[in-house]
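Single-letter residue listing:
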Amino acid sequence: MSSTVERAAAKKRYSIGKSVLDTVDERFGSSKFLTSALDKIFPDHWSFMVGEIAMDSLIVLIITGIYLALFYVPSGTDVVYAPTSGHVYAPLVGQHMSEAYQSVINLSFNVRFGLIMRQAHHWAALIFLAAVTFHMCRIFFSGAFRKPREINWIIGLILWQIVSLEGFTGYSLPDDLLSGTGIRVIYSIIQSIPLVGTWLAYDLWGGRFPGPTFLPRLFVIHEFLFPLLIIGLLTAHLMILWRQKHTDFPGPGKTETNIRGSRVWPQYALKAGGLAMMVAAVSFLLGGLVQINPVWLYGSYNTFTVSAGSQPDWYLGWLDGAVRLWPHWEFRSFGHEIPNPFFPGLLMPGIIFTVMFAWPWIDKRIYNDYKAHNLLDRPRDKPFRTGVGVAAIIYFIDLTLACATDLLANDLHIGFERLIEILQIGVFVGPVVGFFVAYRVCTALQRTNAHPIQRPIGGVIYRTADGAYHTLGEHHPAPAGADGNGHGNGHGPDTRREEEALPTSAGD
Amino acid sequence: MTTSEELTGVERDGHYAGETAGRLPPGRNPRHFGIDPGEPWPDDVPMDQDDTHWRFENDPKAAKRAENRIAVLFVLTLLSSAGLAWDYISNDGQTQVAAACFGVGLAALAVGLILMARDLMPGNEVTASRGHHHVSEDPDRVAVAESLARGIEPFARRAFLLKVLAPVGGAFSLALLFPIASLGPRPHRDLLQTKWGRFTRAVNQDGQPIRPNDLPVDGILTVFPEGYMDDALSPTLLINVGQAPFRIVKGNEGYNIGGIVAFSAICTHAACPAKLYNTQTHQLICPCHQSTFDVLDNAKPVFGPAPRSLPQLPLTVDAEGYIVSQSDYTQPVGPGFWNRG
């Protein structure tokens, strides 16, 4: 009885849904597309989630960012901090500061929920950069950049660069002492470009540092130019992904021409929505509970003050570290010079990025593989590529450590000179060692067929009830293409577990 | 029973319950697995797939429990909204409370949605076809190449026009640089000079002029050319090295007032103020990149990335006994640039 009622209700809901879709279809002829969209299959693997986290934190950034923009005053005009009402931050009363800095102080102390919005924005930016960086590593180590996905690798790299700069410009908007110092270093790096550096710096800043029009321009760059580029490129990134379909790790039943996963609607969509909420939850929890960038402690920027412990946010640490490690060399001849910061600040990143942009084509030559791939490599299957990736990571870690030489030397109780020398050597030795270690680990993993984190390396021997000894897995050799544990990506049936159950069943 | 007959279709297309699970014959329901009707069923896509099942479909009690669990989470979000309102209205928008409300509200919603997907929604893994890698058939490729050629060929025949077009494009691109040039003034000699000049008084942060006696031995003071505190290249360090042996380089004779020497505060590496002074070693250290300068050796860089000495400002004392500069710096201050000379 109730079943009949339920069926009638279901029928009614169905016809409502259908009439809405019909209305849409009469305008756009959209039914075929919408069906394929709702039925679209995405493979499932924990590492595929990180790109999603990046997208979710971008949404948090856009929402909180619009809110912040409503309060921020992009002006370098000098004012004296003297709030007449509301909360007053006493240590700053009577101090000179830019209007921009004052607006950030007011947002932090005098706008209800202003501080949590500001800090959630900053935390979401750090999460964004971390997710994007992890995502890039995942693509690299699993060979997802191979044909036909080279273009998306390039778009992704451009995105990573713009997102880093977007983070840096946002960090610089408050015009506090810390970020102003960073801006001045960037000015010096731009000024160091051969031939056009001085002109470029004058055009960007509207004159000699600090530049009369710089903060309004920085605001436009951070609020308009870069977000526009990021959203545009991300749209292209996702449309290409949609068109080409997601890659997947090899596993039982998976081939280059099929795709295994769950359909977008409803399960996948709900989970993705839940993940977005969770990213927002973490951003706001951090934003309200863990202080970040307390600009009122740094003070307003001026050109003659600086403090020890001046570090950029983590994602640009490698650049600042490179600027610290590069020796005192610069080149001068015919009345012209190529100044010191150009080499670590622009030339080195330029070379690194050129190699990264070219990697899909370098990889083709290394492996003489020009074919299209939808199934991913396991990192161990390509020891050379994995070695290069690990070397690059160690290189970046060494440079990132170098951006904190003053703090680390203090904590480690060694002279900063010694630490810098160690890191200077490390930037060469570390990647080489990392390459060979990674290479050996890959080949060892290939031999043992063990999973590096899910299971211990080594065999398990069991004794059956009649006294015979067997090595685990003997009866069910791993299928070709699987990782030796009988599960391609951790989602297939775990045959190893079943094998472990064997002794008991044999005992029965 | 027309209703139930119609509903068979409803159930097939809309995936209610799990009643119509089973084989999906090739071509019959192609949208499921990316296979076009008429296309042969690929070997690597199983035919008997079914993703209409959900976790608790055979356990109504468990399903009810799952539903309740999710409801509790959604109620938590509701409470968080109330908490947020209370915090805003009665608690001055206290940040930690707001964080708890935002965080718990969003996280409960997140977990609720994910549990809903896991426990109550249909959708296990299925295998579908990728459909030809999305690569076009040869005739289509030929067709598009021909369409393109339609416009290319008449163009390529006009060799003269092409020759004209290249310089035109170049010239116009250059013309487009002029709006960009408006963004800032030309540097000219701007970076080669500071605001110090003949008998410019050195003043401290408060604008007060300085007498030599104001600076004790081992003292250090940031000074500015009077009236130009905001000029980024002018900040200068007055250091009293006392009796320590200061090496005077050729051409810099008479720059000091007793033990008082003046060096540009702007690091020659990346323009941070190199103001950390170690009175034991008489070294200036830049906090940004740890360039170290030996003051007694004419602020020569002894460690770090700075490539050049900090320029020295020639000092003297004016009629009223205040410290003034004899002239501007004799070399450009701050970091390098292309035409620094």
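Residues numbered from 1 in each chain as written. Chains lettered and ligands numbered in written order. Predicted model: local features only at pLDDT ≥ 70, side-chain atom pairs only at ≥ 80, totals over all residues. Heavy atoms only, no water.

(A) Representation of the overall build of chain B within the structure. Within chain B, the regular secondary structure consists of six helices and 11 strands. Burial statistics for chain B: of 341 residues in total, 44% are counted as buried. Intrachain contacts of chain B at a sequence separation of at least 6 include 57% that bridge at least 24 residues. Accessible surface for chain B amounts to roughly 17,900 Å². Of this, 59% is attributable to carbon and sulfur atoms. (Helix = DSSP H or I, 4+ residues; strand = E, 2+ residues; numbered from the N terminus. Buried < 20%, exposed > 50% of the residue type's maximum accessible area, 1.4 Å probe, protein only. Contact = heavy atoms within 4.5 Å. Areas by Shrake-Rupley, 256 points an atom, 1.4 Å probe, with all protein chains shown as cover.)

(B) Expanded view of the sheet that holds strand β2 (residues 200-203) of chain B. All names here are of chain B. The strand order β5-β4-β3-β2-β11-β10 describes an open sheet built from six strands, whose pairing is antiparallel. Either end of the sheet is taken by a strand with one partner, and the two such strands are β5 (260-264) and β10 (315-317). Put simply, the sheet's adjacent strands are angled 40° from each other on average, direction ignored. Relative to strand β4 (residues 236-240), strand β3 (residues 220-225) is paired through four bridges, and the arrangement is antiparallel. Pairing of Leu221 across the sheet is with Leu238, part of β4. (Pairing = 2+ DSSP bridges. Axes fitted to C-alpha atoms, helices over the stretch in contact; angles between N-to-C directions.)

(C) Local environment of the interface of chain A and chain B. Listed as interface residues are 94 residues of chain A and, on the opposing side, 95 residues of chain B. Both sides together, the interface formed by chain A and chain B hides about 8,400 Å², and carbon and sulfur atoms give 59% of it. Summed over the three residues of chain A that lose the most area to chain B, namely Phe113, Arg208 and Phe304 of chain A, the buried surface amounts to 10% of that side. Remark: the boundary between chain A and chain B carries nine salt bridges. A salt bridge links Arg340 of chain B to Glu337 of chain A; its shortest N-O distance comes to 2.8 Å. (Buried area = accessible area lost by both parts, 1.4 Å probe. Salt bridge = Lys/Arg side-chain N within 4 Å of Asp/Glu carboxyl O.)

(D) Examining the packing of helix α2 (residues 60-90) of chain B against helix α3 (residues 95-120) of chain B more closely. Residue and element names in this part refer to chain B. Contact geometry for α2 and α3: axes closest at 8 Å, N-to-C directions at 160°. Our classification of the angle between α2 and α3 gives roughly antiparallel. Considering how the two elements wind past one another, α2 and α3 form a crossing that is left-handed. Residues that form the contact of α2 with α3 fall into these classes: 20 nonpolar, five polar and four charged. (Parallel < 35°, antiparallel > 145°, perpendicular 65-115°, else oblique. Left-handed = near helix turned anticlockwise from the far one by under 90°. Nonpolar A, V, L, I, M, F, W, Y, C, P; charged D, E, K, R; others polar.)

(E) Region of interest: the packing of aromatic side chains. This structure, assessed with the given rule, holds 37 aromatic pairs over all chains. Of the aromatic side chains, those joined through ring pairs into one cluster are Phe140, Phe141, Phe145, Trp153 and Trp359 of chain A. Lying over the aromatic face of Tyr88 of chain B, Arg112 of chain A brings its terminal NZ or CZ to 5.4 Å of the ring centre. Taking NZ or CZ as reference, Arg211 of chain B lies 4.4 Å from the ring centre of Tyr322 of chain B, over its face. (Phe/Tyr/Trp six-rings, centres within 6.5 Å; stacked < 30°, edge-to-face > 60°. Lys NZ or Arg CZ within 6 Å of the ring centre and 35° of its normal.)

(F) Structural context of a nonpolar patch on the surface. All names here are of chain A. Taken together, Ile425, Phe428, Val429, Val433, Val437 and Val441 make up a surface patch of nonpolar side chains, about 570 Å² in accessible area. Tracing the backbone shows Val437 in helix α16 (residues 416-448). Residue class for Val437 comes out partly exposed when judged on its relative accessible area of 48%. (Patch = residues over 30% accessible without salt bridge, like charges linked within 9 Å, V, L, I, M, F, W, Y side chains within 5 Å.)

(G) How the structure looks around the pattern of salt bridges. Counted by the stated rule, this structure contains 32 salt bridges over all chains. In this structure, Asp406 of chain A engages Arg324 of chain A in a salt bridge whose closest nitrogen and oxygen atoms are separated by 3.3 Å. On the criterion of sequence distance, the pair formed by Asp406 of chain A in helix α15 (residues 405-412) and Arg324 of chain A in helix α12 (residues 317-325) is long-range, its members being 82 residues apart. Accessibility classification places Asp406 of chain A together with Arg324 of chain A in one group, the buried group. Across the pair Asp297 of chain B and Lys300 of chain B runs a salt bridge whose closest N-O atoms are separated by 3.9 Å. What you see here is one network of salt bridges that share partners, running through Arg146, Asp363, Asp377, Lys382 and Arg385 of chain A.

(H) Here's a closer look at the sheet that holds strand β1 (residues 41-42) of chain A. Across the sheet, which stays open at both edges, the three strands sit in the order β1(A)-β4(A)-β1(B) with antiparallel pairing between neighbours. Two strands lie at the open edges of the sheet, namely β1 of chain A together with β1 (126-129) of chain B, each paired on one side alone.

(I) How the structure looks around helix α4 (residues 138-157) of chain B. In this model, α4 of chain B (20 residues) spans 28 Å end to end at C-alpha, consistent with the 28 Å of a helix rising 1.5 Å per residue. The largest bend in α4 of chain B is about 35°, located at Ala149 of chain B. (Expected span 1.5 Å × (residues − 1). Bend = angle between axes of the 7 residues up to and from the residue.)

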